[in-house]
Amino acid sequence: MPTSTTSSVDPVTAEVLRHGLSSTGLQMSIALRRAAVSPLIYDMLDFSCGLLSRKFQVLAQGRSLPVHSGTMGAVTKATVEAVGGAEVLKQGDVLFNSYGYDIGQHPQDCAVVMPVFLGGELIGYASVRAHQADLGAKAPYCSDTTDNFQEGVIFPGVFLQREGVRQDDIYRSLLANSRFPQALAGDLAAQVVSCETGARGLTRLVEKYGLDRFEWIAERIFDHGEAILREALAAIPDGRYEAQGEIEFDGVSPDPIIFDVAVEVSGSDVIVDFSDAPEPAVGPINCPLLHTRALARISILSLFVPDTEPVNEGQFRPINVRTTPGTLFHALPPAPLYNTAPINNAALDAIHRALGAAVPELVPASAGGDFCGIVWWGEDDDGPWSNVTSHATGQGGGPTADGGAPLVYITASGLLTAPAESLEQRSPFIVRRMELSTDSGGPGKFRGGLGYECEYELLDDARFTSIMDRTATGAAGYGGGGPGTPNAQTICHPDGRREPLQKCTDKPIEKGATMVVRNGGGGGYGDPTERDPGAVRTDLVERYVSEEQAREFYPQAFGDNDAS
Amino acid sequence: MNQPFGSPGGQVGVDDLAAAVKRRGYVESKESRNGAASLRIGVDVGGTFCDLVILDEATGEIRIAKGPSTPTNPDEGVVGTLRDALSDGEIERAKHFLHGSTVALNALIERKGATVGLLTTAGFRDVLELRRGERIALTEVRWQAPRPLVPRRLRLEVRERVLANGQVDRPLELGDLDGALETFESEGVTCIAVCLLNSFANPEHEIAIERALRERGFSGPVSLSHRISGEYKEYERTSTTAIDAYVRPRIAEYLSRLEQALQEMGFGGDCLITTSGGSALLFREAEERPFETVMSGPAAGAVASGELCKQMSVPLAVTADVGGTSFDTCLIRNGLPEMRYQGEIEGMPLQAPWLDVRSIGAGGGSVAYIDAGGLLRVGPDSAGADPGPACYGRGGDRLTVTDAAAILGMLAFGELAGGVTLDFASAERAAAKIAAELGRSPQSVAQGVLQIAASNMSDAIREVTLEQGEDAREAVLVAFGGAGPLFATLLAKELEMKSVLIPRHAGNFSALGLLYQDLAVSTARTLVMPLENQDALRAIDDLIQTLFSELDQRRKPSDGADGEICHEAFADVRYIGQEYSLTVPLRLGADRQVTSVEELNQSFLDEYGRTFGRMLEQPTECVSIRVRVRNVLPKPSEEYRPEEQPETQSRSVQAFSFTEDSVLPFAVVDRSTLGSGKSLEGPAILLEPTTTTYLDSGYSAEVEESGALNIFEHRRSE
């Protein structure tokens, strides 16, 4: 139930506006995907669209990359403040921001912010973060930067357009800093088109109700979002739940990074406590505060709120973070932050494991932990080419079911894996194999989902950057369940040499070599000896599990009383 | 009889309806029995009803009727409905029987299809399970992908490899089939699907496998991916091929049983079934390509709307097809419903022509409730056919959209078939529960339910139009289905649309769409090639000729009879580097030759500019070629003749007006008495056998020549 006095708002009007706002958010993402020229945007959802109130509250979001999704308020606020605050904004302005500490991640995830006016009055903002193909970092994709100046060109909140007029000095400077200026031009235009779509929708809705009434109803909608989440959170027993996370390689320094995280639950309030985090990493996995906040938000929402509930500011209210400035989870400039993907996954995983002790009926065992992403590029007879192969990962067994089919890790869900036939059309590749790995799922009462292997044979020399993590320890099991298999990437050279990989940037790979990517399995849930013998037999028939592994972990399926 | 929300369902209601059909002359026009003119019969089967439409090709007269459907053996319901509605010997005059069916869809939804064995390229047996890693509920950690149609033990590998350019990298090892067949046999496999990598570029290995399977004695159906889809992306093509094999026996059995039953009744014409793409296939072709019929349900309504737009020269329209459980909408430009070439069913992709009809869970039976955050919500849960809305008086106690409309007076007196009336008291009781919780009046809750449903529908329409770069305000709304006309003025107001069309027979409009379809066969093949020179022209032309000759082989000489034959070709074109392509028509010269690549390029640029509002400075490439051979069937052109009825006493009912925000007297008018050219000012409620039109204050309706109602906002000052 609503927590403030907004309960007097008519529940019908609030529902109509709530739906209208969420539809406007969706329309922004439709417009962006339709207009974008880069696959990372149109095919992989590497973006987020937000509609913000004057006070930078999230009114609505489009279908977005989950890990971006909790940042739009802070990103918009920082950008507006950078140019001098709301007072200096005029109709027809468009702001641009590529400063990692304002937007939360690498400069490529740059923000375009459009203030929205109605009758000369500011009524809110439409903002889009979208991953640009290149903004001038040391390589097209990096895993080894050591400060944020190596990560791309910084535009710390500037006017890209002033009262409808494009600021050519800024625009040309931007394009001049990109390896792919055409793609940048196209995708920037797409960000603006998406903002315009959001602005039109917001204007229509504010016109319908008047600004004062609109903002009053919006408060009611936030209260609603908050109430939905609080009702779910109230089911968690009060307490402090702790877990440890690990990044095995930050891309530069060889030592693994261990971090502690705790979730404090009191009533329906949750504090995700990162205050014991270690000092910032040497390599680019550091999280600015607004990014850490977004991580906490998606970690909690992904367990407690169904996808059908549109995200708004209210859902963020019960979730707070505690951090220590100058640490891994509250990094300060110039700590590098290009490649936060591995820490996104590790942090979400740790938060979920911590909560597993509190609400085991809701939290599955860990997923394989990474997308083992590789960005490739090269040049052939037709000119330069590039592509991205990212992968799904084995899902953890759950409280009531096995891990199921591999899915893209949840922080980046929306991303699609590339079909072999599409890769072979576009790039000098032959895909030799894409196959589930038998025995890769962690044993358990409910087995971890399988990981899988891909083999890419190169028909030409190429270069690549790999951002894979989790090659040493597999996805954790839960409640007696065993771990899944870890990730691995290996180059098989034409001369027979096998070269295991870690994260690497701008590395050459020669014609005739094969990259073997092993995507880890999910962790098992519960004691394997409690697994239904019938389920074990099915696993054997489907070859999800080998007889050897079955005999080791599931003796109950081979008992004397058992006919098979 | 008033039956506005699709499906009250259950035996009682159905019997009432059937009785009403007979008693009250539900059959709308008088039959013209004499003369040997031929008939065209359409039957659309839904979950509760068989909708029947009969066209007299000589007079253009249309008759409509309803009968109960029989989900277990759908053919029985079809035959029963025909027997009830047709007079003796009449069926012998029919030349075409056009059918819309959910048999294939239900086989997928209920997972009651064949035991399929899948053969793949070595290394790729798991394509169907790996999918593309997509988590449909983006942010739910517990979400799981649907189980693959073919379990892993029946997905077996054959050593071979064809490259993207069609070159054979590794020869086919036919010996691998021996072990596979042994497994298939012991597991009771009845259908085999074959999907090899890059087979669209070179199908030789798939063809050789089929031959070898026959040589080894396999006599069941074999679905080869290059024949089924011919397009690249192995997961999508494998999924399509597996779906084809999975539904094949059920469709074949059903269609042959139905055809036989029709023949026994004396029918001697062609039996046709509608496809997801909104055209018709002969039964024997559908048995060979059952995957094309999976989404035949909503397609026909879009086809009928397209035809209406053509007749009335409406350049841009959006449909609002509101039934018992869902709201379906489709964009129509220049009389052509928006077409896609990939759809998805139950989370499984399907590469086939597909009318782009989007659905949300908002219909007459959608249930209203208060959610955990204290807001009033409507749908997607539906009271369904059983028990149905509370006002059907069959034990339903949850408030639905229909109940809310009844409470507001929008359904006038609520007269149902055979003298049954809506149970207003039950509707009020259902609303009172929610009203008490919210501390509001039942009347205001009912208004809220209608407003919420209408705004959900409007948002869906905005999304559908925006995706194609169109503005909903510029479009005409075509409202039909049991509950569509009820929402007409609500949606027009919300979307600021200038005009709404309510076609004749609006409640049966989908079934009517069956009669507007052409016979068509189609196929596609991926051919990735830059659009830059004469080589491209030659390659595209060669492929088109190949595809046309494949279609010519598929069509038997007797097919479809007498209509004009159109050969049509389309190309998927994109900017090099992009993933999404646009499908644009290819102009063919004499001898079906492609005349110019520049022209193709230009139509792509035009289409791109129109859709996205700008163009890029990048070279373009062809991705796939699609061809279609269409046998144009004559379109019904029914002359609209209002029933001449004695002046009855004019009636009115107190109903809620959304534009005036108060309860007003609404005139209650029998729609069939309105002659063409006649106009009517709201507030009014128009009754007809299968739906109810709610004409709010501030709107006027004019009867077009076709009998369609054209609703528009009138100036208050006038």
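Residues numbered from 1 in each chain as written. Chains lettered and ligands numbered in written order. Predicted model: local features only at pLDDT ≥ 70, side-chain atom pairs only at ≥ 80, totals over all residues. Heavy atoms only, no water.

## Overview of the overall build of chain A
For chain A, the helix and strand inventory stands at 13 helices and 20 strands. The C-alpha radius of gyration computed for chain A amounts to 24 Å, which stays within 12% of the reference 24 Å derived for 564 residues, consistent with globular compactness. Expressed as lengths along the three principal axes of its C-alpha atoms, the size of chain A is roughly 80 × 60 × 40 Å. Counting all 564 residues of chain A, 65% fall into the buried class. Contacts in chain A between residues far apart in sequence, at least 24 positions, make up 74% of those at least 6 positions apart. The distance from the centre of the 43 positive side-chain charges to the centre of the 73 negative ones in chain A is 4 Å. (Helix = DSSP H or I, 4+ residues; strand = E, 2+ residues; numbered from the N terminus. Rg over C-alpha atoms; globule rule 2.2 N^0.38 Å. Buried < 20%, exposed > 50% of the residue type's maximum accessible area, 1.4 Å probe, protein only. Contact = heavy atoms within 4.5 Å. Lys, Arg positive; Asp, Glu negative; His and termini not counted. Charge placed at Lys NZ, Arg CZ, Asp CG, Glu CD.)

## Concerning the pattern of salt bridges
This model, assessed by the stated rule, comprises 83 salt bridges over all chains. A salt bridge links R353 of chain A to D349 of chain A, with the nearest nitrogen and oxygen atoms 3.1 Å apart. Here R353 of chain A pairs with D349 of chain A, and both are found in helix α10 (residues 341-356), just four residues apart, close to one helical turn. Judged by its relative accessible area of 29%, R353 of chain A is partly exposed. R63 of chain B is the partner of E90 of chain B in a salt bridge, and the nearest nitrogen-oxygen pair spans 2.5 Å. (Salt bridge = Lys/Arg side-chain N within 4 Å of Asp/Glu carboxyl O.)

## Focus: the packing of aromatic side chains
Evaluation of the coordinates by the stated rule reveals 21 aromatic pairs over all chains. Note on F604 of chain B and Y608 of chain B: the rings are 5.8 Å apart at their centroids and 45 degrees apart in plane angle, and the pair reads as tilted. Pair noted here: F604 of chain B and Y608 of chain B are both in helix α17 (residues 597-612), with a separation of four residues, about one helical turn. On the accessibility criterion, F604 of chain B (1% relative accessible area) is buried. Through pairs of rings, three or more aromatic residues link up here, namely W376, W385, F429, Y456 and F464 of chain A. (Phe/Tyr/Trp six-rings, centres within 6.5 Å; stacked < 30°, edge-to-face > 60°.)

## What to know about helix α12 (residues 424-438) of chain B
Taking 1.5 Å of rise per residue, the 15 residues of α12 of chain B would be expected to cover 21 Å, and the 21 Å separating its terminal C-alpha atoms lies within 8% of that figure. Of the surrounding elements, those touching the buried residues of α12 of chain B are α1 (11-35) of chain A together with β20 (366-370), β21 (376-382), α11 (401-407) and α13 (442-467) of chain B. Backbone geometry just after α12 of chain B places G439 of chain B at a positive phi near 70 degrees. (Expected span 1.5 Å × (residues − 1).)

## Considerations on the interface of chain A and chain B
Taken residue by residue, the interface counts 92 residues in chain A and 75 residues in chain B. Summed over both sides, the interface between chain A and chain B buries roughly 7,100 Å², with carbon and sulfur atoms accounting for 51% of that surface. Between the two partners, chain A and chain B, sit eight salt bridges. Close ionic contact of D10 of chain A with R440 of chain B constitutes a salt bridge, the shortest N to O distance being 3.7 Å. The interface formed by chain A and chain B includes 36 residue pairs in polar contact (both at pLDDT 80 or more). Sorting elements by how many residues they give to the side of chain A that touches chain B places α1 of chain A first, with 16 residues. For the side of chain A that touches chain B, the class distribution of residues is 48 nonpolar, 22 polar and 22 charged. (Buried area = accessible area lost by both parts, 1.4 Å probe. Polar contact = N/O pair within 3.5 Å; in protein donor to acceptor, adjacent residues only side chain to side chain. Nonpolar A, V, L, I, M, F, W, Y, C, P; charged D, E, K, R; others polar.)

## Here's the deal with the environment of P503 of chain B
Residue and element names in this part refer to chain B. Counting through the fold element by element, P503 comes out in the loop between β23 (499-502) and α15 (509-514). Judged by relative accessible area, which is 2%, P503 ranks as buried. For P503 and G707, which are 204 residues apart along the polypeptide, the C-alpha to C-alpha distance reads 7.0 Å. The residues contacting P503, other than those within four sequence positions of it, are L308, V478, A479, F480, F509, R671 and A708.

## So, the sheet that holds strand β13 (residues 383-389) of chain A
Paired through their backbone hydrogen bonds, the strands of a sheet run either parallel or antiparallel. All names here are of chain A. In spatial order, the strands read β13-β12-β16-β19; together these four strands make up an open sheet with antiparallel pairing. Of all strands in the sheet, those bounded by a partner on one side alone are β13 and β19 (504-509). Strand-to-strand twist of the sheet, defined as the mean angle between neighbouring strand axes without regard to direction, takes the value 20 degrees. When strand β16 (residues 462-466) meets β19, the two strands line up antiparallel, connected through four bridges. (Pairing = 2+ DSSP bridges. Axes fitted to C-alpha atoms, helices over the stretch in contact; angles between N-to-C directions.)

## Overview of the pairing of strand β10 (residues 269-273) of chain A
Residues and elements named next belong to chain A. Alignment of strand β9 (residues 257-266) against β10, held across five bridges, turns out to be antiparallel. Each residue of the ladder has a partner; that of S266, found in β10, is D269. Where β9 hands over to β10, the hairpin turn is made up of two residues, of which G267 adopts a positive phi near 65 degrees. Two strands pair when backbone bridges link them, and β10 and strand β11 (residues 319-322) are joined in this way by four bridges, in the parallel orientation. Within the sheet, the bridge partner assigned to D273 lies in β11 and is R322.

## Here's the deal with the nonpolar core
Grouped together as the largest cluster of nonpolar side chains are 216 residues, with contacts concentrated most on F97 and L119 of chain B. The element best represented in this core is helix α8 (residues 234-265) of chain B, accounting for 13 residues. Once residues within four sequence positions are removed from consideration, F97 of chain B is found in contact with I41, V43, V78, L82, L258, L262, F267, D270, C271, L272 and F283 of chain B. Grouped together as the second largest cluster of nonpolar side chains are 165 residues, V153 of chain A together with F656, I685 and L687 of chain B included. (Core = buried A, V, L, I, M, F, W, Y, C linked by side-chain atoms within 4.5 Å.)

## Brief notes about the confidence of the model for chain B
Residues and elements named next belong to chain B. Taken residue by residue, chain B gives an average pLDDT of 87. The fraction at 70 or more is 91%. Here residues 1-35 is a poorly scored stretch, pLDDT under 50, and it has 97 contacts once near neighbours within four places are set aside; other chains count. Two summary scores accompany this predicted model of the complex, namely pTM at 0.91 and ipTM at 0.94. (pLDDT = per-residue confidence, 0-100.)

## Side note on the side chain of H106 of chain A
Secondary-structure assignment places H106 of chain A in the loop between α4 (100-103) and β4 (111-118). Beyond its immediate stretch of four places on either side in the chain, H106 of chain A contacts H131, Y141, L337 and Y338 of chain A.

## Thoughts on the packing of helix α2 (residues 74-85) of chain B against α8 of chain B
Think of two packed helices as two axes; the pair is described by the angle between the axes and how far apart they sit. Residues and elements named next belong to chain B. Direction vectors running N to C along α2 and α8 enclose 25 degrees, while the axes themselves pass 9 Å from each other. In terms of orientation, α2 lies roughly parallel with respect to α8. By crossing handedness, the relation of α2 to α8 is classed as right-handed. Contacts between α2 and α8 involve P74, D75, V78, V79, L82 and R83 on the former and, on the latter, Y254, R257, L258, A261, L262 and M265. Its residues assigned to classes, the contact of α2 with α8 shows nine nonpolar, no polar and three charged. (Parallel < 35°, antiparallel > 145°, perpendicular 65-115°, else oblique. Left-handed = near helix turned anticlockwise from the far one by under 90°.)

## Quick look at the pairing of strand β11 (residues 270-274) of chain B
Residues and elements named next belong to chain B. Within β11, four of the five residues are buried, which leaves the element mostly enclosed by the surrounding structure. As paired elements, strand β4 (residues 94-100) and β11 share four bridges and run parallel to each other. Paired with L98 across the two strands is L272, which belongs to β11. Note that β11 and strand β12 (residues 280-282) share three bridges and pair antiparallel. Across the sheet, the residue bridging to L272 is L282, located in β12. As consecutive antiparallel partners, β11 and β12 are separated by five residues, and within that stretch G278 has a phi angle of approximately 80 degrees, a positive value.

## Quick notes on the packing of α1 of chain A against helix α7 (residues 211-233) of chain A
Residue and element names in this part refer to chain A. In contact at an axis separation of 9 Å, α1 and α7 are set at 85 degrees when each is read in the N-to-C sense. The angle between α1 and α7 places the two elements in the roughly perpendicular class. Packed against α1, whose contacting residues are T13, A14, L17, R18 and L21, the element α7 presents R213, F214, I217, A218, R220, I221 and H224 at the interface. Residues belonging to the contact of α1 with α7 are distributed by class as follows: seven nonpolar, two polar and three charged.

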